[in-house]
Structures are given as structure tokens and as C-alpha cells.
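Chain by chain, the residues:
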Amino acid sequence: MTDTEFNAVKAFLSAYRYTELDLRVRRAELTRLTARKEALILEGNTDLLFHLEHAICAAKDAIRVLCTRQAEIEAAIDTVESAALREILTQHYICALDLKEIAERMHYSDRHMRRLHRKAIESVSLSAVSPFKKRGSFPRTLPLVKRI
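## Remarks on the nonpolar core
Stage number 1. By size, the foremost hydrophobic cluster in this structure holds 25 residues, and its most contacted members are L13, I73, L89, I121 and V124.
Stage number 2. Elements represented by at least two residues in this core include exactly α1 (3-43), α2 (49-78), α3 (83-94), α4 (99-106), α5 (110-123) and α6 (126-135).
Stage number 3. The element that contributes the greatest number of residues to this core is α1, accounting for six residues.
Stage number 4. Ignoring any residue separated from it by four or fewer positions in sequence, one finds L13 in contact with I73, I77, L89, Y93, I121 and V124.
Stage number 5. Grouped together as the second largest cluster of nonpolar side chains are 11 residues, L23, L33, L49 and L66 included.

Below, the structure is given as C-alpha cells:
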């Protein structure tokens, strides 16, 4: 695996954390928009409903994209054959633990954990990362829906 491929896989896996944060924001936005829609309906004010419904659909679409991104990252991690290496990737990229914490939990030295982490990244199937490479790098966040 070249350094460029290694860095691409690492960036792909790191996108999980940003996606998780973005999902929280999007879900909160969807809750706010839905509550606003219900309040408008109760008030009998239907002037903004069309725009609000459009914003709700955009928020739902963004959530779907983010969930798909997470599923792609999880599927890429699942391509690693070794259970221990999969665990390292899961703990680091999905559970957001640093390598030192993972080393302590798995009873490895820090240096050995760095070696295993590198081996784990190199074990990720590049074909699982190919949708990421075809679309280019994922943006860290998607644009937020305009407030109504």
C-alpha cells in the first residue's frame, strides 16, 4: 500500500467521527423543524409550510447521506480479516478512543499498538474504500438547512 493509499484509507475512516457529530446536529435540526411545522399547523398558519416541508426533506436527505457514509466506513472495517485488527479500527475510528487507551485495554505497548494500527489500516480492502475515492474526499460537514 502506498503512502497516498494509506492516507486515503485513514482519512476515510476518520470521517466517521465527523459524520457522527454532523448527525447529531442534523437530527436536532430535524426535531426543531418538525416542532416548528407542528406549531404552524396548530396556529393555522400555512404560509410557511411549503418552505418548512422543503427544509425537513433536505434535513432527512442529509441524515440519509450521513448514515450511508457511516455504513460504508463500518463495511470497510469489516473487510479486515483479523478480529484484533478490526477491534483496533473500531475502537479508534468509531468509538473515538486514542491508540494509547486501546493499547492499555488490549494490554499492548504503545509502540506495538502503533504498528498494529498501521497493519490494520493496510488490511482494509481498498475496494471497500473505492466509493470514497471515486467521489473524492468527503466533506467534513454538509451545509446546514437555512433557518425558517
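## Comments concerning α4
Stage number 1. L99, I102 and A103 are the residues of α4 that are buried. Take α4 and look down its axis: the buried residues cluster within an arc of 105 degrees, on one side only. Opposite the packed face of α4, turned more than 90 degrees from it, sit the exposed residues E104 and R105.
Stage number 2. In this fold, the buried residues of α4 make contact with α3 and α5.
Stage number 3. Where α4 ends, the next residue or the one after it, H107, has phi of about 60 degrees, a positive value.

Conventions and cut-offs
Each residue is numbered by its place in its chain's sequence as written, counting from 1. Only residues with pLDDT of at least 70 get local features here, since the model is predicted, and only at 80 or more are side-chain atom pairs given and counted; chain-wide, interface and lining totals rely on the full set of residues. Note that water and hydrogens are dropped before the side-chain values are worked out from all heavy atoms of the structure. Working definition of a nonpolar core: buried Ala, Val, Leu, Ile, Met, Phe, Trp, Tyr and Cys residues. They are joined through side-chain atoms within 4.5 Å. For the exposure calls, accessible area comes from a 1.4 Å probe over protein chains only, and a residue counts as buried if that area is under 20% of its type's maximum, exposed if over 50%, partly exposed in between. Secondary structure elements are defined from DSSP: runs of H or I of at least 4 residues count as helices, runs of E of at least 2 residues count as strands, and each element is numbered from the N terminus. Contacts between residues were defined by any pair of non-hydrogen atoms, one from each residue, lying within 4.5 Å. The arc in question is the one spanned by the directions pointing from the helix axis to the C-beta atoms.

None of the figures reported here should be taken as evidence of function without further support.
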